[in-house]
Amino acid sequence: MKRVIVGLSGGVDSSVAAYILKEQGYDVIGLFMKNWHDDSVTISDECPWLEDSNDAMLVADKLGIPFQTVDLSMQYKERIVDYMFNEYEKGRTPNPDVLCNREIKFDVFMDIALELGADFVATGHYCRKGTITKEGKEIHQLLAGSDNNKDQSYFLCQLSQAQLAKALFPIGELTKPQVREIAKAQNLITAEKKDSQGLCFIGKVRLPEFLQQKLKPKEGNIVEVDESFETYSRITPAFNSKENELEFLSQKPVYSLSDGKVVGQHQGAHYFTKGQRKGLAVGGTKEPLFVIDTDVEENVIYTGQGKDHPGLYRNVLFVTNEELHWVREDLALSEGETMSVLARIRYRQALEKATLHKVASGLYVEFKNKQSAITEGQFVAWYLEDELLGSGVIS
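The rules we used
Residues numbered from 1 in each chain as written. Predicted model: local features only at pLDDT ≥ 70, side-chain atom pairs only at ≥ 80, totals over all residues. Heavy atoms only, no water. Salt bridge = Lys/Arg side-chain N within 4 Å of Asp/Glu carboxyl O. Buried < 20%, exposed > 50% of the residue type's maximum accessible area, 1.4 Å probe, protein only. Helix = DSSP H or I, 4+ residues; strand = E, 2+ residues; numbered from the N terminus. Pairing = 2+ DSSP bridges. Contact = heavy atoms within 4.5 Å. Axes fitted to C-alpha atoms, helices over the stretch in contact; angles between N-to-C directions. Lys, Arg positive; Asp, Glu negative; His and termini not counted.

Next up on the list: the pattern of salt bridges. This model, assessed by the stated rule, comprises 27 salt bridges. When the shortest N-O distance is used, the salt bridge between Lys-90 and Glu-87 registers 3.3 Å. For Lys-90, a relative accessible area of 54% gives the class exposed. Residue Glu-87 is classed as buried on the basis of its relative accessible area of 2%. Across the salt bridge formed by Arg-92 and Glu-323, the nearest N and O atoms sit 3.4 Å from each other. Of this pair, Arg-92 sits in the loop between helix H3 (73-89) and helix H4 (96-115) while Glu-323 sits in the loop between strand E12 (313-320) and strand E13 (324-326), and the two are 231 residues apart along the sequence. For Arg-92, a relative accessible area of 16% corresponds to the buried category. In this structure Glu-323 comes out as partly exposed when scored by relative accessible area, which is 25%.

Rendered as structure tokens:
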């Protein structure tokens, strides 16, 4: 009998995942991960992790499976929280959920599970796993979840073959309403529980306040750049190679104070991210202002009016070799090779047509249509049909 350790988060998805595994005849153990939490920045007085671990325990009890809690706050703080501060300080915008899966759920947590004699680790993610044989070797595929509204393959875009080999996603074929139905039919306490919002590890946190603990507020200018700024209408020169053209198109405009007018003050450029609209507190413009770039060195935020402002759009981005990851190592491109794919630069974004170009220093992703707010530090993930092949950090 194969043993599966399921990460019970106290939510409905992982509860139903545990139920399904038990029905399938696995020896199931529920494990709740206590993650880093900081009461000074949570939004309400409630203590979400206590409530969640309690719900997880009640579900395990109802299903008749052993249950325990593991405290991973230290690893969390080192691998996720410190990394986030670091990235924000550099003016990049990290994605803690992707990291949390790579570094915690399928690494630290998986090691604990394997020590407990587990054959597999299961989570309540809406994605599927496929296994094919190629040249006599087993290769695992990361496939989109069947529920289009809920597909979470993007959050797992950094998993490796070794991690996928040990992973199970029991609810990947189901839709959210079906999952809730099963939970109701089984009288699980989490059946009606709202989906958790916010960062995977901090629960309900106000991000600027969380960041302010490490990154001190410092006043700077908010500059509005008009859409007639000459860089936007510059003619693309003729290039002698595709690589030079891609390099040119992947460059974001470089702004200086003289390129626009000062329209307000902010409390720290590192609290803002590209495409952000809320929190600027500048009124009197015809269209709302959006952040088109931040300069953390000079502590300036550059903004533009309206969501169609040309400063928000680019169609080429670059990933360095160090931050390039193939889930399907067997399909990794070699220098000079290209591949037509579907790609997204954020969770829940519809997949967009793109071409990958592998060069010596990394990988260019060239989108057919311009993309809004391509953000350094976020992940780009690419697919063939419903299979996620690889991902990288936007540089």
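So, about the pairing of strand E10 (residues 289-295). For E10, the tally of buried residues reaches six of seven residues, placing the bulk of the element in the interior. As consecutive antiparallel partners, E10 and strand E11 (residues 300-305) are separated by four residues, and within that stretch Asn-299 has a phi angle of approximately 60°, a positive value.

With that settled, the discussion passes to the sheet that holds strand E1 (residues 3-7). Spatially, E3-E2-E1-E4-E7 is the arrangement adopted by the five strands of the open sheet, whose pairing is parallel. Both edges of this open sheet fall to strand E3 (67-71) and strand E7 (167-168), since each of them pairs with a single strand only. In terms of strand pairing, strand E4 (residues 120-122) meets E7 through two bridges, oriented parallel. Paired with Val-121 across the strands is Ala-167, a residue of E7. Of the strands in this sheet, E1, strand E2 (27-34), E3, E4 and E7 are in contact with H4, which crosses E2 at around 125°.

Residue placement: Asp-147 occurs in the loop between strand E6 (137-144) and helix H5 (161-165). One buried charged side chain, Asp-147, makes no salt bridge at all; its nearest oppositely charged neighbour is Lys-150, positioned 7.2 Å away. Excluding its chain neighbours within four sequence positions, the residues that come into contact with Asp-147 are Tyr-126, Leu-174, Thr-175, Lys-176 and Pro-177.

Before going further, it helps to spend a moment on the environment of Pro-170. As for its placement among the helices and strands, Pro-170 is situated in the loop between E7 and helix H6 (176-185). By relative accessible area, which is 16% here, Pro-170 ends up buried. For the pair Pro-170 and Ala-17, spaced 153 residues apart in the sequence, the C-alpha separation amounts to 5.2 Å. Once residues within four sequence positions are removed from consideration, Pro-170 is found in contact with Ala-17, Ile-20, Leu-21, Ala-122 and Thr-123.

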